Amino acid sequence: MASTSGLTTSMIPCCTCGTIIAPNSSNQCASCLATVDVASVVRRGPGGGDLLVHQCRKCRRYERENNNKHFIYMEPESPEMMALLLKQIPALSGRSTQYVKRSGIQGLQILDSMFIWTEPNSMRQRLMLTIKADINDVSIQQRIKVEFIVKWKECPDCTKEARQRTWSAIVQLRQKRDDSRKGLLILELAIARNALMRKHILSVQTKKAGFDFYFPSLDKARQFTQYISKVAPMRIKTTQSLVSEDKTNNTANIRHTLACEMVPLCRDDLVVVTKQAKGAGNLSGKLCLVLRVSSAVRLMNATPSREVDVAAQCTDLHSDTYWRGESSYRLFLSSRRLVRFVVLDVELCDNERERYNSDDAKLVCEGHQYGLSKYALADVEVAREDDFGVNDETFTCVSHLGHLLSPGDTCLGYDLASAVLSSEAEWSIQNDVTSNFVMPDIVLVKKIKGGQGESRVEGGLETKHKKGKAKSSGSKKRDRRMKKEEQKQQKLEAAAARMGLNTDEDVYFDEDDFFDGEGNVFSEDVQKENEKFEREIEMDEDLADDLAQVEAELAGQSFSDNDDDDCPIAP
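All values derive from a computational prediction rather than experimental measurement.

Undergrad: Which residues make up the sheet that holds strand β19 (residues 339-348), and what are the values?
TA: Ordered in space as β21-β20-β19-β22-β23, the five strands form an open sheet in which the pairing is antiparallel. What marks the edges here is a single partner per strand, and that holds for β21 (395-399) and β23 (442-447). Across the sheet, the axes of successive neighbouring strands diverge by a mean angle of 45 degrees, strand direction being ignored. Strand direction decides the pairing type here: β19 and strand β22 (residues 410-415), joined by four bridges, are antiparallel. Bridge pairing links F341 to C411 in β22.

Undergrad: Residue-level account of the environment of R126, with values.
TA: Position of R126 relative to the elements: it lies in strand β7 (residues 124-135). Among the residues examined, R126 registers a relative accessible area of 30% and is labelled partly exposed. Filtering out sequence-adjacent residues up to four positions away, R126 remains in contact with M114, F115, I116, T118, V146 and E147.

Undergrad: Describe helix α8 (residues 185-192), listing the residues and the values that go with them.
TA: The buried fraction of α8 is high, at eight of eight residues. Those residues of α8 not exposed but buried are L185, I186, L187, E188, L189, A190, I191 and A192.

Undergrad: Provide a residue-level description of the packing of aromatic side chains, including the pertinent values.
TA: For the coordinates displayed, the defined rule picks out six aromatic pairs. Aromatic pair F215 and F224: ring centres 5.2 Å apart, planes at 45 degrees, arrangement tilted. On the accessibility criterion, F215 (0% relative accessible area) is buried. These aromatic residues form a ring-pair network of at least three members: F211, F213, F215 and F224.

Undergrad: So what about helix α3 (residues 79-87)? Which residues, and what values?
TA: Residues three or four positions apart in an α-helix share a direction because the helix packs 3.6 residues into each turn. Turning to α3, its buried residues are M81, M82, L84, L85 and L86. For α3, the elements touching its buried residues are β3 (52-55), β4 (62-63), β6 (105-116), β7 and β8 (138-152).

Undergrad: Give a detailed account of the environment of K58, specifying residues and quantitative values.
TA: As for its position among the elements, K58 is in the loop between β3 and β4. For the pair K58 and C155, spaced 97 residues apart in the sequence, the C-alpha separation amounts to 8.7 Å.

Undergrad: Please give an account of the sheet that holds strand β17 (residues 314-317) that cites residues and values.
TA: What holds strands together in a sheet is hydrogen bonding between their backbones, with the strands either parallel or antiparallel. With respect to topology, five strands assemble into an open sheet ordered β17-β16-β15-β14-β18, the strand pairing being antiparallel. Single-partner strands in this sheet number two, and they are β17 and β18 (329-333). Neighbour to neighbour, the strand axes of the sheet diverge by 40 degrees on average, direction disregarded. In the packing of helix α13 (residues 423-431) onto the sheet, the strands contacted are β14 (270-273) and β18, and the crossing angle to β18 comes to about 120 degrees.

Undergrad: Talk me through the nonpolar core; I want residue IDs and the actual numbers.
TA: Counting residues in each nonpolar core, the largest one holds 37 residues, and the members touching the most others are L270, L287, F332, V382, Y414, L416 and L444. Of the residues forming this core, the biggest block, four residues, is contributed by β23. Counting 30 residues, the second largest nonpolar core, distinct from the first, contains V38, V41, L127 and A133.

Procedures and definitions
Residues numbered from 1 in each chain as written. Predicted model: local features only at pLDDT ≥ 70, side-chain atom pairs only at ≥ 80, totals over all residues. Heavy atoms only, no water. Pairing = 2+ DSSP bridges. Helix = DSSP H or I, 4+ residues; strand = E, 2+ residues; numbered from the N terminus. Axes fitted to C-alpha atoms, helices over the stretch in contact; angles between N-to-C directions. Buried < 20%, exposed > 50% of the residue type's maximum accessible area, 1.4 Å probe, protein only. Contact = heavy atoms within 4.5 Å. Phe/Tyr/Trp six-rings, centres within 6.5 Å; stacked < 30°, edge-to-face > 60°. Core = buried A, V, L, I, M, F, W, Y, C linked by side-chain atoms within 4.5 Å.

This is a description of form; function is not addressed.
Laid out in structure tokens, this is it:
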């Protein structure tokens, strides 16, 4: 009752035990409210069943989410295990809102949690939880024992291994040229830096001019081809073959083949662009140098004009343009024909002096002309390195390496004055170029560091074999052919190791054959090949620039396990 001196609250007896309490919506005391069965709500699993947690029988990893994709290893009674178990309680995660509302319990909170020891082989996990809940505007606190049943569930990695290397799609990556290893360097890095792309590879085989990648499904193979097509220009063709068919159940086992043929042009190649070439711009009918190979092939005039800047004498050749006029781009000389020269004098052209002295020098080559700002046209006087002390023959040429070369530097270039050309190359020069074309004596390609470009035997020092019994000419030819094929196979296997893949006996890959998520290497063979690759990148600045551009192009691309949609494939 209210009094004149102040406000007082009326007290009422509890409707259950008669204890005098302040009025509330349930007219019950805290002791009586504590008898409400909060434990039945907390122990209720999805659909009203038991609380379950799934573990893989073989690798002993626990399923982190109920999507059969993410399995991780957890120590017993660890904080990670506690977090996983608490997420499996629907009442605490908000996945059974309607059931909790019908029970009249609101505001479930965990105040404390601890493990209760169980026998390791009991397939049970027990927790002691201190729960705070609101019932009819009254807060109560209870200690509840919760039990989880551990069920076996095979993880995707163990399922893939149990399939015994069965595959549904194969990606045949090829570059049809004599030195295909050089053209695969960019792809090697792109695959090595993306663990998600390597994750779905069942096995890999090295072939004469590339690799065969095996995948469990067509979707994963298409994701892989879509990824590598952003790294190197190529065309992709998809075919399928029927393995078996069950007409009764209307099912069939079909295997898909995705043939990826890379453009057979590599950096530093000398190419003849015919007069009939379409899409080459003002480079039609000229001798061109391949400056860069990424998502497109960048060509530059090998005999540049002094009056025109570098950007105007370059063009990007995309894969569609190349394959439509494949016969219009003919390989003249490959980088194996490069010769070492010593720079005697460098003099920039007049227009290059004006351009680099102006304030707009930094804005010359941006966007699609990325990477051209370091080049400048100059008259360069060089001499063969082998001619020092023998004769005084020198050569003068117009080169795009004006700002990179200084007197005394060593560079690589093509010696067309003394080169012995094949019949196809001579025919191309006589018929495919314009009438005003003049064959240059020297085409400079790139500046090199001290020991780069020296001839060396692959795999270490060359060993001398003892003379044995004389062999017939046929046996010698067979041995030379087998030795050559073996060397090619070793180079391709080394490339596969740099990608983070092992090719020993072409078996299914274990986890130790791959890079981990942080880029660390597990396999010692992979680590050795990766170290060789890194040394090669350090020695070749142009290759390092190409790899940096590839990483920049792929930075905005992401491929997740949840993306199972079909990827568009070029016809």
